Amino acid sequence: MKKDIELIVISGISGAGKTTALRAVEDLGYYCMDNIPPQLLSTFVQLYVQNKKGPSKIAVVLDIRTREFFQGISLELERIKTFAVDYKLIFLDASDQTVVKRYQEMRRPHPLAADGNILEGLREERDKLQAIKNLADYIIDTSRMNNYKLRAEINNILEQGDSKMQVSIVSFGFKNGILLDADYVFDVRFIPNPYYIENLKKQSGKDQEVKDYVFSFEDAKNYIDKIQDLINFIVPRYIKEGRLQLTVGIGCTGGRHRSVAISEELGARLGGENIKIAVDHRDLDR
């Protein structure tokens, strides 16, 4: 029997992507609360059920940032089961190496690393969160996920039964580094470069003149046909194995002309009954 309120509880390791996950849930129409003290969780849910105002879907983040308040979570979740609430617990995890790298890039301290030692703080955090991780309905390892992949994973979990493959097509420039999180990378640098055509140099692969130039070459037409055939071949086989995200990188030298034109055309060709398409251009504005 379906209950009155749907509750999503998000928790996990600091730096694993809880903020991104919460934004994805909010975009699906959930009323969201970030960093609620776990000891207040059942009280918050009870008040929400009693008032029954606003969305019938709510989501909360339980975070180690609440420090001494982060305890008694098992008891709180047991209490929630007595309410008219269906809830799912999503736990986000990531490797130590990934978390350290993310904190170094953000230049922010780990909440439990008082002396600046991220690994020590991370070890303490894993110990404190083990109980809630054991209760999780879903555990998502975000080590190799960008924000878009994580949002897609959240969507797949909450859309219940949606077996469409999320295919992200991302153009990039090799001079800015390869697309590290791609499942497949295709190099289009063998196609003549519009950059060296005076009236096309300042345009991009989104402009029709650049597209026309790129696809005036038979190699470009044949290459995109082969990429399309490969994706159409692997998607149903990935879905069969339970994999619902795929990132395809299309790279040229600068990531502005050829890779963009190929990515846009590929995105327009794909899609349908079992594929959802998103096209992004990593280096277009560099």
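The coordinates are above.
Structure report, in brief. (Residues numbered from 1 in each chain as written. Predicted model: local features only at pLDDT ≥ 70, side-chain atom pairs only at ≥ 80, totals over all residues. Heavy atoms only, no water.)

### What about the side chain of Asp181?
Okay, step 1: For Asp181, the position within the fold is in the loop between strand 6 (165-173) and strand 7 (184-187).
Okay, step 2: Although Asp181 is buried, it makes no salt bridge; Lys149 carries the closest opposite charge, 5.7 Å away.
Okay, step 3: For Asp181, the residues in contact, after removing those within four places along its chain, are Arg144, Asn146, Lys149 and Thr247. (Helix = DSSP H or I, 4+ residues; strand = E, 2+ residues; numbered from the N terminus. Buried < 20%, exposed > 50% of the residue type's maximum accessible area, 1.4 Å probe, protein only. Lys, Arg positive; Asp, Glu negative; His and termini not counted. Salt bridge = Lys/Arg side-chain N within 4 Å of Asp/Glu carboxyl O. Contact = heavy atoms within 4.5 Å.)

### Notes on the sheet that holds strand 3 (residues 57-61)
Okay, step 1: Strand order across the open sheet formed by five strands is 2-3-1-4-5, with parallel pairing between neighbours. Looking at strand neighbours, the two that pair on one side only are strand 2 (31-33) and strand 5 (138-141), the edges of this open sheet. When the angles between neighbouring strand axes are averaged without regard to direction, this sheet yields 20 degrees.
Okay, step 2: For strand 1 (residues 5-12) and strand 3, the ladder comprises five bridges, and the chain directions are parallel. Residue pairing in the sheet places Ile8 in a bridge with Ala59 of strand 3.
Okay, step 3: Its contacts with the sheet put helix 5 (residues 118-134) on strand 1, strand 4 (85-93) and strand 5, and the angle it makes with strand 4 is roughly 150 degrees.
Okay, step 4: Helix 6 (residues 147-158) rests against strand 1, strand 4 and strand 5 of the sheet, and its axis sits at about 165 degrees to strand 5. (Pairing = 2+ DSSP bridges. Axes fitted to C-alpha atoms, helices over the stretch in contact; angles between N-to-C directions.)

### Things to note about the sheet that holds strand 8 (residues 245-252)
Okay, step 1: With respect to topology, four strands assemble into an open sheet ordered 7-8-6-9, the strand pairing being parallel. Of all strands in the sheet, those bounded by a partner on one side alone are strand 7 and strand 9 (275-281). Across this sheet, the average inter-strand angle for adjacent strands is 20 degrees, counted without regard to direction.
Okay, step 2: Where strand 6 meets strand 9, seven bridges bridge the pair, whose relative direction is parallel. By the bridge assignment for strand 9, Val167 is matched with Ile277.
Okay, step 3: Along the sheet, helix 8 (residues 218-240) contacts strand 6, strand 7, strand 8 and strand 9; its crossing angle with strand 7, the most-contacted strand, is approximately 175 degrees.

### Remarks on helix 4 (residues 96-106)
Because an α-helix completes one turn every 3.6 residues, residues spaced three or four positions apart along the sequence face the same direction.
Okay, step 1: Looking at helix 4, one finds that the buried residues are Thr98, Val99, Val100, Arg102 and Tyr103.
Okay, step 2: Where helix 4 is buried, its residues contact helix 5.

### Let's talk about the environment of Leu40
Okay, step 1: Relative to the elements of secondary structure, Leu40 occurs in the loop between strand 2 and helix 2 (41-51).
Okay, step 2: Counting along the chain gives 33 residues from Leu40 to Ile73, while the straight-line C-alpha distance between them is 9.7 Å.

### Section: the pattern of salt bridges
Okay, step 1: Counting across every chain of the model gives 12 salt bridges.
Okay, step 2: One salt bridge connects Glu265 with Arg269, and the closest N-O pair in it is separated by 3.0 Å. Residue Glu265 and its partner Arg269 are located together in helix 9 (residues 258-269), separated by four residues, close to a single helical turn.
Okay, step 3: A relative accessible area of 29% means that Glu265 is categorised as partly exposed.

No statement about biological role is implied by the geometric values presented.
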